Amino acid sequence: MNKYSANKWSDYFSRCRNLPIFKPKFYIKESKYFLQSYDGYSGGHDTLDDIIGLCDNAHFKKTTGGSDSPLNIQCYEISYEFLDGGFEIFGGNYFFGDNPQGSYIYGFKALRWILYQLNLNQPQLLKGEVAVYSHDELESQVTLTTKSQKLSSNMTGNQIEPPSNKLPKFDEMLKQIRNQKLIEKQADTQNNGLLNTQKQTTALESNLTTKMRLTLPDIAQLSQNDADLNLRIKNDMGVITEFTNNPKQRFLCHNYILVDSKMQNIWVLLEHTAYRKNDVITKSVSVQLEKSNYTVIRLLEARPKGSSHIPYYAGPMRERVMGWDQNISIIVDESDESLCSEAMKIREEYLRTTKTSKTSL
């Protein structure tokens, strides 16, 4: 028995709000939770896997694209074109953007074709829909569309991608982007401004041919991001060194760095094992402080055993259990447990001093 046959179509799909000028849009329920990884989607959502397999086996026109950044924020997009719309997937570990993570079907015909293929009961005439087509009628249109796309592909010399039941990871695509940025950075140190501009143009052309969608404004944005990173690192260094040169109290807490003027130590929380990855700025500042002959102690945070996991979208709740201004998280270091105990004692002393101590959840 088909796993979908006993269920309603609305158990798996929901209609998105849209303006009349746009095509009707339907969201595949709970798909966004599987599309928030840095490495790309590797399967696990049954309905999403089935639709990808249907589109690949039908040889629908497929387009992929993606981008990465110096902050290790990555996004990717996959789209299939068929009938009156198609199917799109938006994924990545970003928090803001025009397209939130998730998978969507566009067009009434496209939706009904997928419902037929999944053996789900068809809904009645939907708002804005002119007519309900039968399975045979949609199959005929799909066949015509596929033949047209094959003909167009043969005329342009492009090859139709082979069918696949799983969405491949995007590691190779991301490696190419990072390698290209490394080449550009090396060129900056060896050549003048003119050669650097030529290198950026070459990178633009190369990425366009591989469908990376890295445009000239994108390259300019990467350079601006590097400049912003350097400015923030310089600012953090200035705040910390100014305090160490003239401390007016025992502690200075700046982001995830705690300076203890009494013990002359600088404690750094590089990441939270559950909620926050190692960020470029904190790591770079800690390295520069160490090079300036400060005693820098790098540690990690973790959530206590038995505590409930806070989802990614509950950002403010996660902030409450990270950093030096709370005593909910535990500090961990596999190589030195005594150092962790000392760090937690220092944190308690800092909290008593600043009167910001919080109770556990």
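Along each chain, residues carry numbers from 1 onward, in the same order as the chain's sequence is written. This being a predicted model, a pLDDT of at least 70 is required before a residue's local features are given, and a value of 80 or more before pairs of side-chain atoms are given or counted; all residues contribute to the totals for chains, interfaces and linings. The basis for every side-chain value is the complete set of heavy atoms in the structure, and neither hydrogens nor water enter the calculation.

**Focus: the overall build of the protein chain**
Line of reasoning, step 1. If you tally the helices and strands in the protein chain, you get 9 helices and 11 strands.
Line of reasoning, step 2. A total of 361 residues make up the protein chain; the buried ones form 39% of that total.
Line of reasoning, step 3. Carbon and sulfur atoms form 52% of the exposed surface of the protein chain, whose accessible area is close to 20,800 Å². The helix and strand labels rest on DSSP assignments: H or I over at least four residues marks a helix, E over at least two residues marks a strand, and numbering proceeds from the N terminus. Type-normalised accessible area, obtained with a 1.4 Å probe on protein chains alone, sets the label of each residue: buried when under 20%, exposed when over 50%, and partly exposed for intermediate values. Here the open area of atoms and residues is found with the Shrake-Rupley method and a 1.4 Å probe, where only the protein chains shown may cover a residue.

**Looking at the pattern of salt bridges**
Line of reasoning, step 1. Take a side-chain nitrogen of Lys or Arg and a carboxyl oxygen of Asp or Glu: if they are within 4 Å of each other, that pair is a salt bridge. Evaluated as defined, the whole model comprises 6 salt bridges.
Line of reasoning, step 2. With its nearest N and O atoms 2.6 Å apart, the salt bridge here joins Glu129 to Arg112. Here Glu129 is found in the loop between α2 (108–117) and α3 (135–156), whereas its partner Arg112 is found in helix α2, with 17 residues between them in sequence.
Line of reasoning, step 3. Where Arg352 meets Glu349, a salt bridge forms, and the shortest distance between an N and an O atom there is 2.7 Å. With Arg352 and Glu349 both in helix α9 (residues 337–354) and 3 residues apart, the pair spans about one turn of that helix.
Line of reasoning, step 4. When salt bridges that share partners are traced, they join Arg250, Asp260, Glu349 and Arg352 into one network.

**Let's talk about the confidence of the model for the protein chain**
Line of reasoning, step 1. Note on scores: pLDDT gives the predictor's confidence for each residue, bounded by 0 and 100. Overall, the predicted model of the protein chain reaches an average pLDDT of 76, with 66% of residues at or above 70.
Line of reasoning, step 2. Looking at the elements of the protein chain, mean pLDDT is at its lowest for helix α5 (residues 193–209), recorded as 49, and at its highest for strand β8 (residues 257–260), recorded as 94.
Line of reasoning, step 3. Note on residues 155–171: pLDDT is under 50 here. Beyond four places in sequence and across chains, it has 34 contacts.
Line of reasoning, step 4. Across residues 357–361, confidence stays below pLDDT 50; counting only partners more than four residues off in sequence or on other chains, it has 13 contacts. Two residues qualify as a contact provided that any one of their heavy atoms is within 4.5 Å of a heavy atom in the partner residue.

**Some remarks on the pairing of strand β7 (residues 251–254)**
Line of reasoning, step 1. Strand pairing is assigned whenever DSSP detects at least two bridges linking the two strands. Pairing analysis gives 4 bridges linking β7 to β8, with the strands arranged antiparallel. Paired with His254 across the strands is Ile257, a residue of β8.
Line of reasoning, step 2. In this structure, the hairpin formed by β7 and β8 is closed by a connection of 2 residues, where Asn255 is found at a positive phi of approximately 55°.

**Observations concerning the packing of aromatic side chains**
Line of reasoning, step 1. When the centres of two rings from Phe, Tyr and Trp lie within 6.5 Å, Trp using its six-membered ring, the rings pair. Their planes under 30 degrees apart give stacked, over 60 give edge-to-face, and anything left gives tilted. What the rule picks out here adds up to 9 aromatic pairs.
Line of reasoning, step 2. Taking 5.6 Å as the distance between ring centres and 45° as the angle between the ring planes, the aromatic pair formed by Tyr27 and Tyr104 counts as tilted. In this pair, Tyr27 is assigned in strand β2 (residues 25–28) and Tyr104 in strand β6 (residues 102–106), connecting sequence segments 77 residues apart.
Line of reasoning, step 3. Measuring from centroid to centroid gives 6.2 Å for Phe90 and Tyr104, while their planes differ by 55°, and the two rings are tilted. With a gap of 14 residues between them, Phe90 in strand β5 (residues 85–92) and Tyr104 in strand β6 connect regions that are remote in the sequence.
Line of reasoning, step 4. Overall, the relative accessible area of 5% leaves Phe90 in the buried class.
Line of reasoning, step 5. Assessed through its relative accessible area of 7%, Tyr104 is described here as buried.
Line of reasoning, step 6. Counting every residue linked through ring pairs, the aromatic cluster contains Trp9, Phe26 and Phe108.
Line of reasoning, step 7. Against the face of Tyr104 rests Lys25, its NZ or CZ located 4.3 Å from the ring centre.
Line of reasoning, step 8. Here, a charge over a ring means that NZ of Lys or CZ of Arg falls within 6 Å of the ring centre while also lying within 35 degrees of the ring normal. Directly above the ring of Tyr256 sits Arg276, whose terminal nitrogen or CZ lies 3.4 Å from the centroid.

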